[in-house]
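Fold and geometry: a report
If you want the building blocks of each chain, they are given just below.
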There are 2 protein chains.
Amino acid sequence: MRERLVVVGGDAAGMSAASQARRRRSHDDLEIVAFERGNFTSYSACGIPYYIGGVVDDAARLIVRNPETFRDTYQIDARVRHEVVGIDLDRRIVLARDLDTRAERAEPFDTLMVATGAIPERPPLPGIDARGIFGVQVLDDGFAIRRMLDDHKPRRAVVVGSGYIGLEMAEAFKIQGLEVTIVDSAPQPLSTLDPDMGALIADAMREAEIDVRRNEPVTGFEADDGGVTAVVTDSGTLPADIVVLGLGVSPNTQLAREAGIAIGASGAIRVDQQMRTTVESVWAAGDCAEKFHRVARRPVAIALGTHANKEGRVAGINIGGGYATFPGVVGTAVSRICELEVARTGLNESEASAAGFESLSIVAESTTRAGYYPGAKPMKIKLVVEKRSGRLLGAQIIGREGAAKRIDVFAAALWMELAVNEIMHLDLSYAPPYAPVWDPVLIAARKAWERVEDTLPDCR
Amino acid sequence: MRERLVVVGGDAAGMSAASQARRRRSHDDLEIVAFERGNFTSYSACGIPYYIGGVVDDAARLIVRNPETFRDTYQIDARVRHEVVGIDLDRRIVLARDLDTRAERAEPFDTLMVATGAIPERPPLPGIDARGIFGVQVLDDGFAIRRMLDDHKPRRAVVVGSGYIGLEMAEAFKIQGLEVTIVDSAPQPLSTLDPDMGALIADAMREAEIDVRRNEPVTGFEADDGGVTAVVTDSGTLPADIVVLGLGVSPNTQLAREAGIAIGASGAIRVDQQMRTTVESVWAAGDCAEKFHRVARRPVAIALGTHANKEGRVAGINIGGGYATFPGVVGTAVSRICELEVARTGLNESEASAAGFESLSIVAESTTRAGYYPGAKPMKIKLVVEKRSGRLLGAQIIGREGAAKRIDVFAAALWMELAVNEIMHLDLSYAPPYAPVWDPVLIAARKAWERVEDTLPDCR
């Protein structure tokens, strides 16, 4: 008898799982239905700031596959504007609401894939539901913001919070000619970096004529006729015609929680190596699911498209009768902000301390190419390493063109728990257009190892 | 009593060793004398093609440190235009010839550092000693070629052989307006790549209007009044006003061999983990010294500045009384040739076979950035993996801007003997300006793993 897979959430994790399951099981064997409350399937949410800023002119380019493609090519029934509002694990049904007709229907499943993603943090501040205050998470958010820019020509934008998406949105608004202010309660932008590195980002944004306000908690919003007019902080009032919330996101676990699927300590859905939840035949993947952090050695909630794709694929292979496991993450992230390339992986100083490591840090300066080669750009690498052992715990890079992708070597080294005295000898590629004879990665590792050696007890 | 370190060879390996020894031992404790037969110390030989092509306009920029700096800052007596012509291990002296006065002097040593580098292959073909036929190895070669371009305005250049330096020189001549031909006995340029990848380079060079002649062995050279006029091959005669030999280089081991220092199977000087030769207090590093290839698991001779720097540093630390080891190489190389970024690491198909591996290969096509992000460029990755295990054995990349440096992730993965089903899950950085949501590295690893799985015995 034909089984039925129901997928809740039609973006990266859900549709990757659906596609992989289909690759292994035919439509005669497995019916696949996916419900997506938004208007789109399988799109690049990470591309939204570039669409807002006009770097990418056509939002359609952010969409990898639409429902028609899923139906015609994969025999996957992907229903947009359908929100799953309840999961009944005993009766093995989900309740799906058609957002246009408001009709609700019980949809049976044998296997359930939970891929509900994440939702932007919306602190319960006075006025936060005013028109013109946007989270940036799904493609529909991008369209709504772009529409507001086109229709209402706002002059002043305020971004609340300074995570990656907040900074990227600030730049996008700046490109579109708005006056832009970033306001955050934190001492520096991008709290996933150490403050000394975050300060460099604040400098770059100010150079780009973006007002960066730090240590300034937002206390509420003012509105006129329902539309936002200002952001209120503990230090004053910032006039605003449009506001973006860049306070980070949380795993969207309400449905799972209500259904009795276990939530882990990270706040995301608990999963095993194969992406199984605690409930038989119920799987989870993507922003709503926990990931194992290989350096901190604990489950974490990290919302990132690349993880969602990998995890969805793993779940789909297993649902399809194959075998795959997801081995975890090391906390890698990268962004381009006002010409600055910014990347990080592993643990920063405070995260290392929280995980129980005693660490030391170095900052190494170098160039992206041989110093004499045209286009060589300055870059800084900060490394956090365990004292005594020299084991790499984390890396942060800030630089100009050609700097950031070097983070991948540190990500690979963290994966294997290498110490910096081994990293400094890695056989990395060298030619003048690509690196100094000592690649910046090697220079940083060498400097960190010298620091470790300086602190070793003298055994001579 | 003060000891004396004599360094033979004043480029990367020798001067790195000298500097590191000096960091740990003062001039009162250790006298350091370095002999360099050329006119320069510590320069970037890899930069020569960019100096010839005018990408780097001032050759002085290729020099990291000159003898005055070594003398004044490091108290290292670096004597250029002094050639060591003999080593007497019993009497602990080297015989050093002043190339200007022709005077020879016995120079005593307690510790000897052999850093004699490599010499370009010069097959004993008729006419090969004609004027206008150049190897490219030391900075003096670069000056000689540039002087010939300036003084004699050659119109037609022929590059014999198509290794990295040959291809880079061909492009440099092209930039300078010469008609350029590359002629090689091999079926494709860059024999360190598999032929299918080499063919893409041949295509790019032809697009740049460089004549690429393959499967065409050179049999000799014609000269007029001592100056080269043509390169003769088994298929005809190629008129040439200037010729560059790009046939690769060999370890320069004659002095060591004559002195009785052991030469390894690779043809380079045998060294241990600390860069000791087989003779007490005699060390070797750089192009003249063997390296352990971590994938092939045998000693190899590879001439590359980045290895020379690392090995020289290791030798110098040990000479200085510290402790360091050099853990070997995985055969990484990178080049930029006519806008094409080319990189490789590990073993290609034929090298894998020669090392006793049974392998399979895949080629994956992708883009350097998210497909919708401006500036996304095509790139191809070829992976050679062990069958059954899926262990990565080698990687080759050809692409446009932003492609080549990704080889470093494969180099790190080879270092740790990772299989492609682990590499495909590495937590590599993702953001639209830097990569598709599946980085090309991950796409290639995933494709390779699918190929491995296809060939596994069916255990169901």
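The sections below set out a description of the structure shown in this document. (Residues numbered from 1 in each chain as written. Chains lettered and ligands numbered in written order. Predicted model: local features only at pLDDT ≥ 70, side-chain atom pairs only at ≥ 80, totals over all residues. Heavy atoms only, no water.)

Focus: the packing of aromatic side chains
A complete count under the given rule lists eight aromatic pairs over all chains for this structure. Ring centres of F70(A) and Y74(A) lie 5.8 Å apart, and the angle between their planes is 45°; this geometry places the pair in the tilted category. One end of the pair is F70(A) and the other is Y74(A), both in helix 3 (residues 67–74) and four residues apart, which spans about a single turn. A centroid spacing of 5.2 Å and a plane angle of 20° characterise the contact between F40(B) and F143(B), whose relative ring orientation is stacked. Separated by 103 residues along the polypeptide, F40(B) in the loop between strand 2 (30–36) and helix 2 (48–52) and F143(B) in helix 4 (residues 139–152) bring together distant segments of the chain. Residue classification places F143(B) among the partly exposed residues on the basis of a relative accessible area of 22%. An aromatic cluster is defined as three or more aromatic residues linked by ring pairs; in this entry it consists of F40(A), Y51(A) and F143(A). Across from the ring centre of Y51(A), 4.5 Å away, lies the NZ or CZ of R146(A), which sits over that ring. In this arrangement the basic side chain of R446(B) is found over the ring face of W438(B), its NZ or CZ atom lying 4.4 Å from the centre. (Phe/Tyr/Trp six-rings, centres within 6.5 Å; stacked < 30°, edge-to-face > 60°. Helix = DSSP H or I, 4+ residues; strand = E, 2+ residues; numbered from the N terminus. Buried < 20%, exposed > 50% of the residue type's maximum accessible area, 1.4 Å probe, protein only. Lys NZ or Arg CZ within 6 Å of the ring centre and 35° of its normal.)

A few points about the relation of the copies chain B and chain A
The two copies are related by a screw motion: chain B maps onto chain A through a turn of 180° and a shift of 0.0 Å along the axis, at an RMSD of 0.0 Å. Here the transformation between the copies is reduced to the relation of a two-fold axis. No C-alpha of chain B lies nearer the rotation axis than that of V409(B), which sits 2.7 Å from it. The fraction of interface residues of chain B whose copies in chain A are also interface residues reaches 100%, indicating that both copies meet through the same surface. (Least-squares fit on C-alpha atoms with pLDDT ≥ 70 in both. Contact = heavy atoms within 4.5 Å.)

Quick notes on the pattern of salt bridges
Side-chain pairs of opposite charge can arise whenever the charged atoms involved come near each other. Per the counting criterion, the structure on display carries 66 salt bridges over all chains. D408(A) is the salt-bridge partner of K405(A), the closest N and O atoms lying 2.8 Å from each other. Considered together, K405(A) and D408(A) belong to a single accessibility category, that of buried residues. A salt bridge links E107(B) to R4(B), with the nearest nitrogen and oxygen atoms 2.9 Å apart. Pair noted here: E107(B) is in strand 6 (residues 104–108) and R4(B) is in strand 1 (residues 3–8), with a separation of 103 residues, a long-range link. (Salt bridge = Lys/Arg side-chain N within 4 Å of Asp/Glu carboxyl O.)

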